[in-house]
Amino acid sequence: RMSAAPPSYCFVAFPPCSKDGLVVFGKNSARPRDEVQEVVYFAAAAHEPGSKVECTYIEIEQVPKTHAVVLSRPSWLWGAEMGANEHGVCVANEAIVTREPASESEALLGMDLVRLGLERGATAKEALDVIVALLEEHGQGGNYYEDGNSCHTFQSAFLIVDRKEAWILETSGKYWAAEKITEGVKCICNQLSLTTKIDAEHPELRNYVRSQGWWNGDTDFNFSEVFSLADDHLACCSGRESLEKQGGDISAQTMIDVLRDKDSGVCVDSESFLTTASIVSVLPQDPSSPCIHYFTGTPDPSRSIFKPFIFVDDVKLVPKVQSPSFGDDDPAKKIPRFQEKPDRRHELYKAHEWARSVLENDQDKGQKLMRIMLDLEKQGLEAMEDILTRTEILDAAEVVDLFYDCVDTELKFFK
């Protein structure tokens, strides 16, 4: 039985489609409805030679230095659905199904590769190189969900972005192909999208598909056609149209609006899946301006507040969007795994549950509530706009508490 891949959407927009020389990145993370996502920050660190890092299911070699990262992740696993590092690299992944069944044996998850790419790559291309090297060495596999009853496995696609370019990386087992993008609007979702424009690939890719009898070499090599299950490779991106309608004016606000759109299917709210967290990042092409990353940390972006985060030294940690830690007693770490499901809700998630119930059940009160929420969000967006349009260099002291204060204001408001 193949589990259906959750229909997440990732986007990137480059000038001239986006505003003011900004690269704009966004993702809705569609996951099982009751799964909690947390927003976590890890400072840059140096590691002893020979040290190891414990990923979700396997341990691998650590590198001498890891970059600072901010991640939105399902709180039971090590990796991340999406995130950014201090060098202005953003990575998001998509679970995809290809004609090759994904491995159930525990290896790296696509989500582990998101975090590893961010911790080890100072540019989009470096992050891509990190991911494909780890894929070659360790493979991908293991359960994508916190589910003790069945193993849900997928292959992975990634959108990897920095201030200059983006890479779409699509994988099947250890084989992969990638396309480089420097202009226009791109969307990836939970199916293969690469066709004949391939800018980098696994050195054995074409030999492998020939040996499988999937391609005879007489036609142009089309990655999606070769690797998709029959007729699965249709243009999936309703969201891309919404973005392209905006002409040359895509901003953080535009991306947020696209992520909130339930009619287009980009904001998933179905029987099995919900958009459990969202991110929007704004990467100025001018390296003297800071990158700004907006996280919800709560489900359903149409009922959530996007809150800004900027990398500076000694950035204040935000325990209120971090799930409780169960250490070695975590059922996700014991074998057999997932024999029980602990309560992983963080403080903001719990407070937000109240807001969601008001918005669902009381129209008048709900409309008022939503207005105030959007107003809080707008204050944050305008303050960031101000930072980006200034000529003087950002004073770190001004934003060291930024994300903390935004979460705190939201919590006070819900209470």
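Going by the structure above, here's the rest.
One structure accompanies this document, and this report is about it. (Residues numbered from 1 in each chain as written. Predicted model: local features only at pLDDT ≥ 70, side-chain atom pairs only at ≥ 80, totals over all residues. Heavy atoms only, no water.)

1. Section: the overall build of the protein
Turning to step 1, where the next piece is worked out: Within the protein, the secondary structure is distributed over 10 helices and 18 strands.
Turning to step 2, where the next piece is worked out: A globule of 415 residues ought to have a C-alpha radius of gyration of about 22 Å, and the protein, at 20 Å, matches this closely.
Turning to step 3, where the next piece is worked out: Taking the principal axes of its C-alpha atoms as reference, the protein extends roughly 60 × 50 × 50 Å.
Turning to step 4, where the next piece is worked out: Within the protein, contacts between residues separated by at least 24 positions form 68% of all contacts whose residues are at least 6 apart in sequence.
Turning to step 5, where the next piece is worked out: As displayed, the protein offers around 17,300 Å² of accessible surface, 47% of which is attributable to carbon and sulfur atoms.
Turning to step 6, where the next piece is worked out: Computed over 43 positive and 69 negative side-chain charges, the inter-centroid distance for the protein is 3 Å. (Helix = DSSP H or I, 4+ residues; strand = E, 2+ residues; numbered from the N terminus. Rg over C-alpha atoms; globule rule 2.2 N^0.38 Å. Contact = heavy atoms within 4.5 Å. Areas by Shrake-Rupley, 256 points an atom, 1.4 Å probe, with all protein chains shown as cover. Lys, Arg positive; Asp, Glu negative; His and termini not counted. Charge placed at Lys NZ, Arg CZ, Asp CG, Glu CD.)

2. Considering the pattern of salt bridges
Turning to step 1, where the next piece is worked out: Going through the model one piece at a time under the given rule, you end up with 30 salt bridges.
Turning to step 2, where the next piece is worked out: One salt bridge connects Arg344 with Asp330, and the closest N-O pair in it is separated by 2.7 Å. Residue Arg344 is located in the loop between β18 (307-309) and α7 (347-361), and its partner Asp330 is located in the loop between β18 and α7; the two are separated by 14 residues in the primary sequence. Pair check on accessibility: Arg344 and Asp330 agree, each one buried.
Turning to step 3, where the next piece is worked out: Among the ionic contacts, a cluster of salt bridges with common partners joins Arg33, Lys262, Asp269, Asp300, Arg303 and Glu360. (Salt bridge = Lys/Arg side-chain N within 4 Å of Asp/Glu carboxyl O. Buried < 20%, exposed > 50% of the residue type's maximum accessible area, 1.4 Å probe, protein only.)

3. A closer look at the environment of Val63
Turning to step 1, where the next piece is worked out: With respect to the helices and strands, Val63 occurs in the loop between β6 (59-61) and β7 (65-66).
Turning to step 2, where the next piece is worked out: Excluding its chain neighbours within four sequence positions, the residues that come into contact with Val63 are His47 and Arg120.

4. Details of the pairing of strand β2 (residues 22-32)
Turning to step 1, where the next piece is worked out: Across the 11 residues of β2, 11 count as buried, placing the element largely inside the fold.
Turning to step 2, where the next piece is worked out: Where strand β1 (residues 9-13) meets β2, five bridges bridge the pair, whose relative direction is antiparallel. Paired with Val12 across the two strands is Phe25, which belongs to β2.
Turning to step 3, where the next piece is worked out: Bridge analysis of β2 against strand β16 (residues 273-284) gives 11 bridges, and the strand direction is antiparallel. Looking at the pairing, Asn28 lines up with Ser278 of β16. (Pairing = 2+ DSSP bridges.)

5. Topic: the packing of helix α8 (residues 363-389) against helix α10 (residues 402-414)
In helix packing, the relevant descriptors are the interaxial angle and the interaxial distance, both defined with respect to the helix axes.
Turning to step 1, where the next piece is worked out: Relative orientation of the contacting elements α8 and α10 amounts to 165 degrees, with a least axis distance of 11 Å. It follows from the interaxial angle that α8 and α10 lie roughly antiparallel. For α8 against α10, the interelement crossing comes out right-handed. Contacts between α8 and α10 involve Leu369, Ile372, Met373, Leu376 and Met384 on the former and, on the latter, Leu402, Thr409, Phe413 and Phe414.
Turning to step 2, where the next piece is worked out: Taken together, the residues of the contact of α8 with α10 break down into eight nonpolar, one polar and no charged. (Axes fitted to C-alpha atoms, helices over the stretch in contact; angles between N-to-C directions. Parallel < 35°, antiparallel > 145°, perpendicular 65-115°, else oblique. Left-handed = near helix turned anticlockwise from the far one by under 90°. Nonpolar A, V, L, I, M, F, W, Y, C, P; charged D, E, K, R; others polar.)

6. Structural notes on the nonpolar core
Turning to step 1, where the next piece is worked out: Counting 89 residues, the largest nonpolar core has Phe11, Leu159, Val161, Phe223, Val280, Tyr294 and Ile310 as the members making the most contacts within it.
Turning to step 2, where the next piece is worked out: Grouped together as the second largest cluster of nonpolar side chains are 47 residues, Leu116, Ala124, Leu134 and Tyr144 included. (Core = buried A, V, L, I, M, F, W, Y, C linked by side-chain atoms within 4.5 Å.)

7. A few points about α8
Turning to step 1, where the next piece is worked out: Here α8 contains 27 residues, and its C-alpha end-to-end distance of 38 Å stays within 8% of the 39 Å for a straight helix at 1.5 Å per residue.
Turning to step 2, where the next piece is worked out: Regarding α8, the residues found buried are Gly366, Leu369, Met370, Met373, Glu377, Gly380, Leu381, Met384, Ile387 and Leu388. (Expected span 1.5 Å × (residues − 1).)

8. Notes on the packing of α7 against α8
Turning to step 1, where the next piece is worked out: Running from N to C, α7 and α8 point in directions that differ by 130 degrees, and their axes come no closer than 6 Å. It follows from the interaxial angle that α7 and α8 lie oblique. Handedness of the crossing formed by α7 with α8: left-handed. Across the interface between the two elements, Trp354, Ala355, Val358, Leu359 and Asn361 of α7 pack against Gln363, Lys365, Gly366, Leu369, Met370 and Met373 of α8.
Turning to step 2, where the next piece is worked out: Classifying every residue of the contact of α7 with α8 by side-chain character gives seven nonpolar, three polar and one charged.

9. Considering empty space enclosed by the protein
Gaps left between atoms are located by rolling a probe of water-molecule size over the structure's atoms.
Turning to step 1, where the next piece is worked out: Going through the model one piece at a time under the given rule, you end up with two cavities of 30 Å³ or more.
Turning to step 2, where the next piece is worked out: Computed from the structure, the largest cavity encloses a volume of approximately 80 Å³.
Turning to step 3, where the next piece is worked out: Lining the largest cavity are Val39, Val40, Tyr41, Val70, Phe309, Val315, Lys316, Leu317, Val318, Gln322 and Phe403.
Turning to step 4, where the next piece is worked out: Considering each element in turn, the lining of the largest cavity owes the most residues, three residues, to strand β3 (residues 37-42). (1 Å grid on protein atoms, 1.4 Å probe; cavity = no way out; pocket = protein on both sides within 12 Å on 5 of 7 lines; lining within 4 Å. Points joined across faces, edges and corners; volume = space filled by probe spheres on them.)

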